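Structural features, examined
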Amino acid sequence: MVYESEDQGEVDVEVFIENNPYSKVAFPIFYLLFEDVLLESTPDQFVSTFGDVTANVRGYFVGTNPSGRPQETKADGRTVPADRWILPDDWERLKGESNLRTPWGSVTMPMSIVTFFMENEGVINNYKAKVKHGASGFLIPDTEDDFSFNVNPHTKATTILGTLSRPRMMSSLSDDQGEASVDTFGDRNLSYEGCAPNAITGNPHCKPEEVAGKTRYYAVAEYPQAGNRGKYPAVASNVDETVWRWAGYKDVTIVNTDSPQIKYVVAHLRDRDGFCDAANYNNTLGVPVTFEIDAGDGVIIEAADRPYAINGTRRFATTTTFDTRDLLGNPINTHIARPPLIADQPDECQAWIKVTNSVLTLTNVTVTFPAPPSPIPGDIRITNLQCTGAEAITVKNFGDKLVNLGGFALKSSGSDVGNAEELDMSGLLEPGESKTFPGGPGAAVEGWLGAENEVLEGASDYMSVVWEDYPISTVWCDGTRLDLSPLVSFPLDGEGELKMDIVIPFGNEVEVPLAAGWNMVPTGKGSVSIATAFSAFEDKVTAIYVWDATLETWSHYIPGAPAGVNTIDTIGNGVFMWVLVKQPFTLTLPK
């Protein structure tokens, strides 16, 4: 038997055992109208990490007992009556003492259809044009019940900037507590509004913690019965905002060697999520970085990582970025890794050249970081997939050139909705060469993200080789396969190309030995970034202080501290500095 009502209220259904008038049991039914929808989003999140937006749907009814609650006019103009009961908030009060009406149990809210939206979804942000009010990011399902990706389930309207794979509108069914939620991800249509312009290209050159975008979310709750939702309208929520912050960097340092005639120029890169890996989008692993000696003497004698190319004059080189830590935090590529930009945060991508200058004159190098996302560097396909027992995935280089597997990943569907199982690939593959990677058992120990033991489960499971989350080659456990063209081109991200000039101070340096404890250190007329001067020694330094005569205060640099904490990034120009040293070392400074 079904009891329906288009209006809110309370109905008592009395049930009797046949021929027994004393067996009456009353079942109260509360018919609810929407009171409101309260929405809350993650307030502050790194760009390429998961946030959340949650809507709580509340309903009301006026029953036989007055609640004492006053009449209220909502922000959308609706007037809700006095003496109404609001669920789920009033359930315990409505039920009475805990030992009364125990069969009532806990409240079970009726299902509603909640659709999540972004304000200014169709506005394309533009850093140079100072357009920054467009919504950043997209939505990701957090349960199997989420549906209607990028399509309004009621009007069938789509978003402007969203896609089926990166939707900017999504619906979910509220649960028995009136709650519905989806995950959020910030890496799309960023404004880069808190980032300074690159000195050469004018594109945003972001540093950790700087604001890269904002998203204002709202939700609309609909009554659940399709085609017969009654006479009452849907109800919209409040608006809440997520601020998306940068966690990566792109920088350059000079690293000394034992010879004053030879130095490294090191490019340091970290993804906008704060790591160096192949997960998600706009990565910095496996991408080309170019170095050009454009002024002064000197030639390039070596570069890393492969594949790299040094031109005939040995003053221009293209290299490939490599990782310094695996997904378990273990050091890798130790034979080519140089000191990280931040000593106590060693997970970063690097690329470098080694320059020699026998005449010891100043040498200028321009380093170019390409606009992300980087093109797919090779045709890598799965040739064998072992789905049972000792899982294994074999890939092969079907191209005609050497391919660095850094930046490629193996990806499979995960047990956690919206989160894939993923393994960074590594190594070099010559044309026609293959390499096999382990899956489960023990997938987590092998470095798989999102997998604890087995990766592949059942004939419908699959494995893909991906670059920038684009599936180049996919094989299912039932033997089905799909290989896509690796020549697909990606639309470029608004971060754009970045260029940095750096001077190698050949013959214009002085060595200063520092002892444990406080050291007063004079600087010469030249200047140098702290990142370059202390690149190999940050783990041996507690703090650096410089007196600012203009502001009449001490400026400071604390290694490993967030960017907003430090008040200096360059030293020199004849100013004295105080350096608190943990272990003795020799510092090289410009004269």
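Quick caveat, the model's predicted, so the values are computed rather than measured.

1. So, the overall build of the chain
A tally of helices and strands in the chain yields two helices and 45 strands. Taken along its principal axes, the extent of the C-alpha atoms in the chain is 110 × 70 × 45 Å. In the chain, once contacts between residues fewer than 6 apart in sequence are set aside, the share between residues at least 24 apart is 67%. Here the chain contributes 43 positively and 80 negatively charged side chains, and the mean placements of these two sets differ by 6 Å.

2. Looking at the pattern of salt bridges
In the structure shown here, the tally under the stated rule is 23 salt bridges. In this structure, the salt-bridge partner of Arg84 is Glu35, at a minimum N-O distance of 2.9 Å. In this pair, Arg84 sits in the loop between strand 7 (79-80) and strand 8 (85-87) while Glu35 sits in strand 3 (residues 33-41), placing the two residues 49 residues apart along the sequence. Residue Arg84 is classed as buried on the basis of its relative accessible area, which comes to 1%. The residue Arg168 makes a salt bridge to Glu121 at a minimum N-O spacing of 2.8 Å.

3. A closer look at a nonpolar patch on the surface
A surface patch of nonpolar side chains, about 680 Å² in accessible area, is lined by Trp518, Met520, Trp547, Trp554, Phe576 and Trp578. With respect to the secondary-structure elements, Trp518 resides in strand 39 (residues 517-521). Residue Trp518 is classed as partly exposed on the basis of its relative accessible area of 48%.

4. Digging into the packing of aromatic side chains
Here the structure, examined in full by the defined rule, presents 18 aromatic pairs. Each ring, one from Phe117 and one from Tyr218, has its centre 5.2 Å from the other, and the planes form 10°; the classification is stacked. On the criterion of sequence distance, the pair formed by Phe117 in strand 9 (residues 113-118) and Tyr218 in strand 15 (residues 211-222) is long-range, its members being 101 residues apart. A residue is classified by how much of its surface remains accessible, and Phe117, at 14% relative accessible area, is buried. Here Tyr218 falls in the partly exposed class, since its relative accessible area comes to 25%. Three or more aromatic residues link up through ring pairs in this structure, and these residues are Phe50, Phe138, Phe185 and Tyr281. When the ring centre of Tyr281 is taken as reference, the NZ or CZ atom of Arg166 above it lies at 3.8 Å. The ring of Phe398 has Lys396 sitting right over it, with the charged end atom 5.0 Å from the ring centre.

5. Structural notes on unusual backbone geometry
The peptide bond linking Ala304 to Asp305 adopts the cis configuration, its omega dihedral lying at 5°. Residue placement: Asp305 occurs in the loop between strand 21 (299-304) and strand 22 (309-310). Here the bond from Gly440 into Pro441 is cis, since omega is -10°, no more than 30 degrees from zero. Within the secondary structure, Pro441 is located in the loop between strand 33 (434-438) and strand 34 (462-467). The phi dihedral of Asn19 falls on the positive side, at around 65°, and the residue is not glycine. Examined against the element boundaries, Asn19 turns out to sit in the loop between strand 1 (9-17) and strand 2 (20-31). What makes Asn19 exposed here is its relative accessible area of 76%.

Each value, and the rule that gives it
Residues numbered from 1 in each chain as written. Predicted model: local features only at pLDDT ≥ 70, side-chain atom pairs only at ≥ 80, totals over all residues. Heavy atoms only, no water. Helix = DSSP H or I, 4+ residues; strand = E, 2+ residues; numbered from the N terminus. Contact = heavy atoms within 4.5 Å. Lys, Arg positive; Asp, Glu negative; His and termini not counted. Charge placed at Lys NZ, Arg CZ, Asp CG, Glu CD. Salt bridge = Lys/Arg side-chain N within 4 Å of Asp/Glu carboxyl O. Buried < 20%, exposed > 50% of the residue type's maximum accessible area, 1.4 Å probe, protein only. Patch = residues over 30% accessible without salt bridge, like charges linked within 9 Å, V, L, I, M, F, W, Y side chains within 5 Å. Areas by Shrake-Rupley, 256 points an atom, 1.4 Å probe, with all protein chains shown as cover. Phe/Tyr/Trp six-rings, centres within 6.5 Å; stacked < 30°, edge-to-face > 60°. Lys NZ or Arg CZ within 6 Å of the ring centre and 35° of its normal.

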